Each structure stands twice: as C-alpha cells, then as structure tokens.
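Next come the chains, spelled out residue by residue.
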Amino acid sequence: MAGITVVGSGISVPDKVVTNDDLTATLDTSDAWITERTGIKERHVGGITSQMAIEAGRRAIEDAGLVPSDIDVVLLSTTTPDALVPGTSATVQAGIGVPGGAFDVNAACSGFVYGLVVAAGLAAIGSGRVLVVGADALSRITDWDDRTMAVLVGDGAGAVVVEPVDGPGDLLSWNFGADGTLRHLLMCDHGGYLFMDGKEVFRKAVRVVVESAERALSDAGLSAADIDLLVPHQANLRIIQAACQRLGIPEERTAVVIDRYGNTSSASIPLALDDALRNERVSPGDHLLLTGFGGGMTWASAVLRWRG
Ligand code: ACO
C-alpha cells in the first residue's frame, strides 16, 4: 500500500495588516489585553478564500518543483467557502489549472489535519499527487463591532503537495474526533456572524487536543519526548501553552505564528508548518505532531516522520 510524503509548501495572506492598536480605534480593547489573553499582535484581513488558496497552492506546487498538471486532486479545507454552491475547491482547481478532481472539506479549524489524512487515504487507493489547502477568510463572517471575536480572527491560506510513495511514508498515525452536541459553542448561521463561548471552547480545546495528541502518539509508538516539533492550531497562545505543558512538550519545540496572523482557522496549521520549514526548523527524520480543534466541535491529530 502507498504512503505519502510532503514535497512542497506555500502560503498566502492578504496585504492588509490590522494591528491591535488599529482595533482600539473602533473597539473598547487594548494591545495589552489582546497580547496578554491571546498572544495576537496583528492579523491580515480582506482575503477571499479561493484567491488565497490559489496563490498558496501555486506556491506549494512551485516549491515542490512541479507544475499544475502534475497534481491529481485539489482538496480544500475551508469553513468560509466563497459561495454555498459551487464548492470553492473547484474554483481553486480552475484557477491553478489542475486537470484532476476537487472537493471541499469542512471540519472548521481541524480541517487541514482531516484533509492531510484523507489525502493519505487517497494515496493508499491509488491516487496521484494531492494538493491539500487550508484557507479561510474569517474576517468576512466577523462582526467588527464585537470585540470578543474581532480581536481573534485573521485571513490566510497554506498548502502542501502530498505525493504517494511506496511503503508506509511520512504519516505514522492519526486521530479524528467530533462532538456535535457542542455545536452551540462555536457557530455561524447562514448570513450571520461568528459566535463563540470563548471560556467553554478554551476548556474543551485543551482537553480534546491533549487526548487526541496522546492517542496519535501512542498509535505511532512514540512519546512526547520523541516529538521534534508540535504544530498546533493557532487559536490562543494560552491554549497552546496549556497543551504543551500537559503533553510534556517544551514550548521551544512548538511552531507559533499566532502573533502575526491571529486565528486563521483551516489555514493556521499549514501557516505554522510553512514558517517552521522556511526557518529550517524541520530536518529529515524529525517527528512532527499536528493537532487542531474547532467548531463542531471537531479535533484531529497526525504524527509525521518528515521525509521518512
Ligand atoms: N478587549 C478587552 N476586554 C475584553 C475583550 C477584548 N477584546 N473581550 C472580553 N473582554 C473582557 C470581558 O468583558 C471580561 O471583563 P470582566 O472581567 O469585566 O467581565 C474580561 O475581559 C475577561 O473576559 P474573558 O472572556 O473571561 O477572557 P478570557 O481570558 O476567557 O479570554 C478568549 C477570552 C480570548 C476569547 C478566550 O476565552 C479564548 O481564547 N477562547 C478560545 C478561543 C478559541 O480557541 N477558539 C477556537 C476556534 S475559533 C474559530 O474556529 C473561529
């Protein structure tokens, strides 16, 4: 059975940057509160999901030394599609010029990890290369007069090219979870704005991330000490710190970009992964633990041996 290896990575964020100080012009908030409670300093806004996904996808394909016709499937994780119909992945497929199939995955902020694991499943049943993109434009479903959400969100996209390889490949284990009874904690109805019960999401998030990550580690036959880099969903620096502490992974071994991007939902894990790759924080043979949680609630973890 074929496994997968990640052969390219790329990102895209909109040009417009909004700092914490910029937000204080219209909201009763402060740079000190946002920094202390969330770790966020600035975010990029004004993105369109398909456009960011196309740009990130093109960059990932180029980074892999490939051309669009080398890709068989576009898998787009997003919770902010351009429209209800058609799926945004088809717009991305056409925009990049990929000849193969395309479909959307929506598992909120866990979606990129879900997508990566699905790509491995496609490889196992004979697909060619899959472009896995996480892209979200949360700024479009945010009430900018609501300080509880407006300080948290940002827009962006990150993409990886996944290639089938003989043997087990890079993905050593994975874990998925969902609890739809918690729908009310984080939601956005058609035409509405994002709503979140922040305190409750915080509590739940730390628990499910730790449980899911521990299961994935155990299934891979590894322990926290074996992890060279944790790549967590970037929702709140304090959630990342609490998860690190409970998992026993030092913060120095964690990819953090929340200060620059805020919470970009599906894009946050590939943005953090790409940043680690660009800064040469990942070497062949390293063990990576990707873990996310989000609306649904959903959660997902994956353990990779990089270019194993
Ligand atoms: N600026 C200033 N003050 C604020 C702000 C703000 N933006 N927001 C709330 N406050 C005030 C509150 O009114 C409250 O005041 P009070 O003490 O006088 O009542 C005080 O600050 C503390 O508020 P809390 O809600 O208790 O703050 P908390 O420390 O819980 O932080 C936060 C809030 C950042 C939202 C946190 O709960 C959190 O990060 N939750 C999880 C977020 C998350 O993980 N989301 C998941 C994914 S999001 C997505 O998928 C789109």
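Residues numbered from 1 in each chain as written. Predicted model: local features only at pLDDT ≥ 70, side-chain atom pairs only at ≥ 80, totals over all residues. Heavy atoms only, no water.

On to the domain arrangement of the protein chain. You can read the domains of the protein chain as domain 1 (3–165) and domain 2 (171–305). Using only C-alpha atoms to locate each centre, domain 1 and domain 2 end up separated by 15 Å. With 46 residues of domain 1 in contact, the opposing surface of domain 2 contributes 42 residues. Interface area for domain 1 against domain 2, summed over the two sides, is near 3,500 Å², with a carbon-plus-sulfur share of 68%. Sorting the residues of domain 1 by area buried against domain 2 places Cys109, Val113 and Tyr114 first, and these three jointly supply 18% of that buried surface. With a closest N to O distance of 3.7 Å, Asp63 and Arg278 form a salt bridge. (Domains from an automatic or database assignment. Contact = heavy atoms within 4.5 Å. Buried area = accessible area lost by both parts, 1.4 Å probe. Salt bridge = Lys/Arg side-chain N within 4 Å of Asp/Glu carboxyl O.)

The next subject is the site of the ligand. Around the ligand lies a shell of 22 residues, among which Thr29, Arg37, Cys109, Lys199 and Asn236 are the nearest. Side-chain polar atom of Arg37 to an oxygen atom of the ligand: 2.7 Å apart, as the coordinates give it. With respect to the ligand, the backbone of Gly198 contributes an N or O atom lying 2.9 Å from a nitrogen atom. The fraction of the free accessible surface of the ligand (1,000 Å²) that becomes covered by protein chains is 74%. Counting residues per element, the ones that place at least two in the shell around the ligand are helix H2 (31–38), helix H7 (198–219) and helix H8 (237–247). A per-element tally of the shell around the ligand places H7 first, with 4 residues. Classifying every residue of the shell around the ligand by side-chain character gives 12 nonpolar, 5 polar and 5 charged. When residues of the shell around the ligand are sorted by domain, at least three fall in each of domain 1 (3–165) and domain 2 (171–305). (Near = heavy atom within 4 Å. Polar contact = N/O pair within 3.5 Å; in protein donor to acceptor, adjacent residues only side chain to side chain. Areas by Shrake-Rupley, 256 points an atom, 1.4 Å probe, with all protein chains shown as cover. Helix = DSSP H or I, 4+ residues; strand = E, 2+ residues; numbered from the N terminus. Nonpolar A, V, L, I, M, F, W, Y, C, P; charged D, E, K, R; others polar.)

Moving on, we come to the sheet that holds strand E11 (residues 229–232). Pairing in this open sheet of 4 strands is mixed, and the strands run E8-E13-E12-E11 from one edge to the other. Two strands lie at the open edges of the sheet, namely strand E8 (171–178) and E11, each paired on one side alone. Going from strand to strand, the sheet's axes swing by 10° on average, the running direction of each strand aside. Pairing between strand E12 (residues 287–294) and strand E13 (residues 298–305): 8 bridges, direction antiparallel. For Leu289, the partnering residue across the bridge sits in E13 and is Val303. Its contacts with the sheet place helix H5 (residues 111–124) against E8, E12 and E13, and it is angled at close to 55° to E13. (Pairing = 2+ DSSP bridges. Axes fitted to C-alpha atoms, helices over the stretch in contact; angles between N-to-C directions.)

Below, the discussion takes up helix H3 (residues 49–63). The end-to-end C-alpha separation of H3 is 21 Å, in line with the 21 Å expected for 15 residues at 1.5 Å each. Regarding H3, the residues found buried are Thr49, Ser50, Met52, Ala53, Ile54, Ala56, Gly57, Ala60 and Ile61. Structurally, H3 contributes buried residues whose contacts are with strand E1 (2–12), strand E4 (71–77), helix H4 (88–96), strand E6 (129–137) and strand E7 (155–166). Directly after H3, the chain includes Gly65, whose backbone phi takes a positive value near 75°. (Expected span 1.5 Å × (residues − 1). Buried < 20%, exposed > 50% of the residue type's maximum accessible area, 1.4 Å probe, protein only.)

Right, let's get into the state of the cysteines. If you walk through the whole model with that rule in mind, you get 0 disulfides. Free of any disulfide, Cys244 has its nearest neighbouring cysteine sulfur in Cys109, separated by 18 Å. A relative accessible area of 2% places Cys244 in the buried class. (Disulfide = S-S within 2.5 Å.)

What follows deals with the sheet that holds E1. Taken in spatial order, the 5 strands line up as E1-E7-E6-E4-E5 in an open sheet, and their pairing is mixed. One side of each edge strand has no neighbouring strand; the edge strands of this open sheet are E1 and strand E5 (101–105). Put simply, the sheet's adjacent strands are angled 20° from each other on average, direction ignored. The sheet contact formed by E1 and E7 spans 10 bridges and is antiparallel. Each bridged residue has a counterpart across the sheet, and for Ser12 the counterpart in E7 is Ala157. The sheet contacts of H3 involve E1, E4, E6 and E7, and relative to E1 the element is tilted by about 120°. Of the strands in this sheet, E1, E6 and E7 are in contact with helix H10 (residues 268–278), which crosses E1 at around 90°.

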